[in-house]
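Here is how the chains run, residue by residue.
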Amino acid sequence: MTTTRRLVTGLATAALVMSALTAGTATAATKGRIVINNNCGKAVSTTIHRTSGAMIAGTAAAPAGSSFGYPVYPGTYVVRVPAGAKTVKVLDVSPKAHSVIVRAC
């Protein structure tokens, strides 16, 4: 195989891989992200819950100025922060799920 043929074959393979990775809509395996920004000026407790009430992630004392991010599947979640409980929805947006940012205070 000549160098030119190898190069063309390599480029075609790379294009095929890229189209496979970027094609289609988000699937059940696609995750978005819930990010909680601690803007309170002190350490605070933050948690992420399913709508059933089951806690899926959280921090006992997130430092002031920190961000806590957690990957989640598209759906509705309740984020509990010092400012109160916030219901957030992570959407299934083609080609991937999106992220939601919640301020703690």
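Since this is a predicted model, take the numbers as computed values, not measurements.

1. Comments concerning the sheet that holds strand β5 (residues 75-81)
The strand order across the open sheet built from 4 strands is β3-β2-β5-β6, with neighbouring strands paired in antiparallel fashion. Both outer strands of the open sheet, β3 (55-62) and β6 (84-90), are each paired with one neighbouring strand and no more. In this sheet, adjacent strand axes meet at a mean angle of 15 degrees when their direction is disregarded. With 7 bridges connecting them, β5 and β6 associate as antiparallel partners. Considered in β6, the bridge of R80 is made with A85.

2. Structural notes on the state of the cysteines
Per the counting criterion, the structure on display carries 1 disulfide. Here C40 engages in a disulfide with C105; their sulfurs sit 1.8 Å apart. Taking the sign of the S-S torsion, about 100 degrees here, the bridge from C40 to C105 comes out right-handed. A residue pair is termed long-range when its members are at least 10 positions apart, and C40 in the loop between β1 (32-37) and β2 (44-50) and C105 in the segment after β9 (99-103) qualify at 65 residues. On the basis of relative accessibility, which here comes to 44%, the residue C105 falls in the partly exposed class.

3. Observations regarding the sheet that holds strand β4 (residues 67-72)
Taken in spatial order, the 3 strands make up an open sheet running β4-β1-β9, and their pairing is mixed. For this open sheet the edge positions go to β4 and β9, each flanked by a neighbour on one side alone. Averaged over all pairs of adjacent strands, the angle between strand axes in this sheet comes to 15 degrees, irrespective of strand direction.

4. With respect to the side chain of T46
If you trace the backbone, T46 turns up in strand β2. Its relative accessible area of 1% is what places T46 among the buried residues. When residues no more than four places from it in sequence are discounted, the contact partners of T46 are I36, A57, G58, T59, F68, R80 and V81.

Thresholds, definitions, all that
- Residues numbered from 1 in each chain as written.
- Predicted model: local features only at pLDDT ≥ 70, side-chain atom pairs only at ≥ 80, totals over all residues.
- Heavy atoms only, no water.
- Pairing = 2+ DSSP bridges.
- Helix = DSSP H or I, 4+ residues; strand = E, 2+ residues; numbered from the N terminus.
- Axes fitted to C-alpha atoms, helices over the stretch in contact; angles between N-to-C directions.
- Disulfide = S-S within 2.5 Å.
- Buried < 20%, exposed > 50% of the residue type's maximum accessible area, 1.4 Å probe, protein only.
- Contact = heavy atoms within 4.5 Å.

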